[in-house]
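Descriptive structure summary
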Amino acid sequence: MSAMNQAPREQGVFITFEGPDGSGKTTQIARLAEWLRSAGTEPVLLRQPGSTGLGERIRATLLDSRSEGTIAPLTELALMFADRAQSIHEIILPALTDGRTVLCDRYTDSSEAYQGAGRGLGTERVLALHRALCDGLQPRLTVLLLPDVDAALDRARLRNLHAREANGSDENRFEAEGEAFYRRVHQAYAAIAQREPERVHMVGDGDIETVAARVRAIVQQRFPALMHSVAGV
Ligand code: TYD
């Protein structure tokens, strides 16, 4: 069995959402979940890092250490995979074994883009950890929301400006990480999509409804059996 394919022991469909910060993943996952429910499929939703008890503690630690600047890149990578291994064990595998549809906000591609490329740790190291710790579990479909890089950076700057004007704080990680980091993340995502065109479907810029319709079309085309009763798709 190839580590890049979902193992046959799981009956459910595993779908991940990926993209740089500010790409609108969270909104699009909610939209797809809503649509699946209307089609008679109740999905299991989770985010990484997070979602398990341990995962939420890892998430809080990561976000604190990041803002304090105290976390070493390799530690960050290790914690991302610790979180992932736990959510595979506690949530993803049991749900797939039960035949459920799982929608996951970020997975190993995020580690490849952020730690591998962004922090410069390299793709190979990330993929080796994936093989070692993720039980060969790869999504059947990854929806990659990849906006035009310059437009996204412009939007991020604008959001930062508004946030600073509104509450004096700089909540946006673009500025904390820097533009070069964001560009490396973006480029890594594009490379992953090129490397694995079967799994990764890239969805470009558009308003929320346009993107949601594109995502639905991909899911419907890939998994027609999930659409038990959807009308007017
Ligand atoms: P989050 O607030 O969930 O961001 P978003 O809403 O954009 O998904 O924070 C998750 C952050 O963690 C985000 O900056 C990406 C980062 N991350 C990694 O660096 N590596 C990983 O493996 C994962 C899963 C997330």
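A brief report on the enclosed structure follows. What you see is a predicted model; the values in this text were computed from it and never measured. (Residues numbered from 1 in each chain as written. Predicted model: local features only at pLDDT ≥ 70, side-chain atom pairs only at ≥ 80, totals over all residues. Heavy atoms only, no water.)

**Considerations on the overall build of the protein**
Scanning the protein from terminus to terminus reveals nine helices and five strands. Secondary structure elements of the protein, listed N to C terminal, follow the sequence β-α-β-α-α-β-α-α-β-α-α-α-β-α. Considering the protein as a whole, with its 233 residues, one finds that 48% of them fall into the buried category. Of the contacts made within the protein by residues no fewer than 6 positions apart, 76% connect residues no fewer than 24 positions apart. By element, 53% of the accessible surface of the protein is carried by carbon and sulfur atoms, the whole surface being about 11,000 Å². (Helix = DSSP H or I, 4+ residues; strand = E, 2+ residues; numbered from the N terminus. Buried < 20%, exposed > 50% of the residue type's maximum accessible area, 1.4 Å probe, protein only. Contact = heavy atoms within 4.5 Å. Areas by Shrake-Rupley, 256 points an atom, 1.4 Å probe, with all protein chains shown as cover.)

**Overview of the packing of helix H1 (residues 25-38) against helix H9 (residues 208-222)**
For the pair H1 and H9, the least separation of the axes is 10 Å and the interaxial angle reads 55°. The orientation of H1 relative to H9 falls into the category oblique. Considering the relative orientation of H1 and H9, their crossing is right-handed. Contacts between H1 and H9 pair Thr 27, Gln 28, Arg 31, Leu 32 and Trp 35 from the former with Ile 208, Glu 209, Val 211, Ala 212, Val 215, Arg 216, Val 219 and Gln 220 from the latter. Grouping the amino acids of the contact of H1 with H9 by side-chain chemistry returns seven nonpolar, three polar and three charged. (Axes fitted to C-alpha atoms, helices over the stretch in contact; angles between N-to-C directions. Parallel < 35°, antiparallel > 145°, perpendicular 65-115°, else oblique. Left-handed = near helix turned anticlockwise from the far one by under 90°. Nonpolar A, V, L, I, M, F, W, Y, C, P; charged D, E, K, R; others polar.)

**Remarks on the pairing of strand S4 (residues 141-145)**
Within S4, five of the five residues are buried, which leaves the element mostly enclosed by the surrounding structure. Here four bridges tie strand S1 (residues 14-18) to S4, and the two strands are oriented parallel to one another. Residue Glu 18 lies in a different strand from S4, and its bridge partner there is Leu 144. Inspection of the sheet shows S4 paired to strand S5 (residues 200-203) by four bridges, in the parallel sense. In the sheet register, Val 143 faces S5, and the bridge partner there is His 201. (Pairing = 2+ DSSP bridges.)

**Observations regarding the packing of helix H4 (residues 108-118) against helix H8 (residues 179-195)**
Running from N to C, H4 and H8 cross one another at 130°; their axes reach a closest spacing of 8 Å. On the basis of their axis angle, the class for H4 and H8 is oblique. With respect to the hand of their crossing, H4 and H8 are arranged in right-handed fashion. Residue-level contacts link Asp 109, Ser 110, Glu 112, Ala 113, Tyr 114, Ala 117 and Gly 118 of H4 to Phe 181, Arg 184, Val 185, Ala 188, Tyr 189, Ile 192 and Arg 195 of H8. For the contact of H4 with H8, the class distribution of residues is eight nonpolar, two polar and four charged.

**A closer look at the side chain of Ser 23**
Structurally, Ser 23 is set in the loop between S1 and H1. Apart from the residues lying within four places of it in its own chain, the contact partners of Ser 23 are Leu 145 and Pro 147.

**Remarks on the pattern of salt bridges**
Counted according to the given criterion, the structure contains 17 salt bridges. A salt bridge links Arg 31 to Glu 209, with the shortest nitrogen-to-oxygen separation between them at 2.2 Å. Remark: Glu 209 occurs in helix H9 and Arg 31 occurs in helix H1; sequence separation between them is 178 residues. With a relative accessible area of 39%, Glu 209 lands in the partly exposed category. Taking the shortest distance from any N to any O, the salt bridge between Glu 76 and Arg 119 comes out at 2.6 Å. Of the two residues, Glu 76 is situated in helix H3 (residues 73-97) and Arg 119 in the loop between H4 and helix H5 (123-133); the sequence distance between them amounts to 43 residues. (Salt bridge = Lys/Arg side-chain N within 4 Å of Asp/Glu carboxyl O.)

**Examining the environment of Val 215**
Secondary-structure assignment places Val 215 in helix H9. The exposure class assigned to Val 215 is buried, which follows from its relative accessible area of 1%. Apart from the residues within four sequence positions on either side, Val 215 is in contact with Phe 17, Gln 28, Leu 32, Val 143 and Val 203.

**Some thoughts on unusual backbone geometry**
Across the junction of Gln 48 and Pro 49, the peptide omega takes the value -5°, indicating a cis bond. With respect to the helices, strands and loops of the structure, Pro 49 is situated in the loop between strand S2 (44-47) and helix H2 (53-68). In this structure, Ser 51 is a non-glycine residue whose phi angle is positive, near 75°. Relative to the helices and strands, Ser 51 is located in the loop between S2 and H2.

These values are about where atoms sit, not about what they do.
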